[in-house]
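Now for the letters of each chain:
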Amino acid sequence: MKRDLRLMRDLLLALEKHNDFPVQPSELNMPGQDWQSLIEHLKILESGGLITGKYVGWKTGGTFLVQGITYAGHDYIETIRNDGIFNRALSFIKENSFPATLSILKDVCAKLLLEKL
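Quantities reported herein were computed from a predicted structural model and do not represent experimental measurements.

A.B. asks: Any chance you could explain the packing of aromatic side chains here in plain terms?
C.D. replies: Any pair of aromatic rings gets described here by the distance separating the centres and the angle formed by the planes. Per the stated rule, a full pass over the model turns up 1 aromatic pair. The cationic tip of Arg9 hangs over the ring face of Phe86; the distance from NZ or CZ to the ring centre is 4.6 Å. Above the ring of Tyr55, the side-chain terminus of Lys43 is found at 4.2 Å from the ring centroid.

A.B. asks: I tried to follow the confidence of the model for the chain on my own but got confused; where do I start?
C.D. replies: One rule of thumb: low pLDDT means the predicted coordinates there are not for detailed reading. Summarising the model, the chain shows a mean pLDDT of 91, and 97% of its residues fall at 70 or more. Element-level pLDDT for the chain is lowest in helix α5 (residues 102-115), with a mean of 92, against a maximum mean of 96 in helix α3 (residues 71-80).

A.B. asks: Teacher, can you tell me more about the nonpolar core here?
C.D. replies: Within the largest apolar cluster, 33 residues are counted, with the highest numbers of intra-cluster contacts made by Leu11, Leu15, Leu42, Leu45, Ile51 and Leu105. For this core, the element with the highest residue contribution is helix α1 (residues 5-17), accounting for 8 residues. Beyond its immediate sequence surroundings of up to four residues, Leu45 is in contact with Met8, Leu11, Leu12, Leu50 and Ile51.

A.B. asks: In this structure, what is going on with helix α2 (residues 35-47)? I would like to understand it.
C.D. replies: Residues spaced three or four apart along an α-helix face the same direction, because each turn holds 3.6 residues. The end-to-end C-alpha distance of α2, which contains 13 residues, comes to 19 Å, matching closely the 18 Å that a straight helix rising 1.5 Å per residue would cover. Those residues of α2 that fall on the buried side of the exposure criterion are Ser37, Leu38, Ile39, His41, Leu42 and Leu45. On the buried face of α2, the contacting elements are α1, β1 (51-56) and β2 (63-69). Measuring from the side-chain oxygen of the N-cap residue of α2 to the backbone nitrogen of Gln36 gives 3.0 Å; that N-cap residue is Asp34.

A.B. asks: Just checking my understanding: could you explain the environment of Ser37 for this structure?
C.D. replies: Within the fold, Ser37 resides in helix α2. Through-space distance from the C-alpha of Ser37 to that of Val56 is 16 Å; in sequence the pair is 19 residues apart. With near-sequence residues (within four places) excluded, Ser37 lies in contact with Met1 and Leu7.

Procedures and definitions
Residues numbered from 1 in each chain as written. Predicted model: local features only at pLDDT ≥ 70, side-chain atom pairs only at ≥ 80, totals over all residues. Heavy atoms only, no water. Phe/Tyr/Trp six-rings, centres within 6.5 Å; stacked < 30°, edge-to-face > 60°. Lys NZ or Arg CZ within 6 Å of the ring centre and 35° of its normal. pLDDT = per-residue confidence, 0-100. Helix = DSSP H or I, 4+ residues; strand = E, 2+ residues; numbered from the N terminus. Core = buried A, V, L, I, M, F, W, Y, C linked by side-chain atoms within 4.5 Å. Buried < 20%, exposed > 50% of the residue type's maximum accessible area, 1.4 Å probe, protein only. Contact = heavy atoms within 4.5 Å. Expected span 1.5 Å × (residues − 1). Polar contact = N/O pair within 3.5 Å; in protein donor to acceptor, adjacent residues only side chain to side chain.

Put into structure tokens, the structure is as follows:
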């Protein structure tokens, strides 16, 4: 499965709004998203150190139980929060054929934010 940076952003913003952890993907109100994509992207966010959690219940279909957002995750959210900045950063990355990594996206968003000062 290919990583979807927009879905990862949406997941982080939805998690930030959620006040009661642990939380499952079904509690995040993300209509139209494939269940397996949500689980896989939560696993990616966890392996990237942006959230804490674990995959549970693999014998019964499985889900991902999010325990919380890490300090690095909160920093990342602040950098990618603005829709305009986020979309400009994605366009810049695509136009320049840069690798679409979380760190590059964060760096481009941060640069665009600094330009607004």
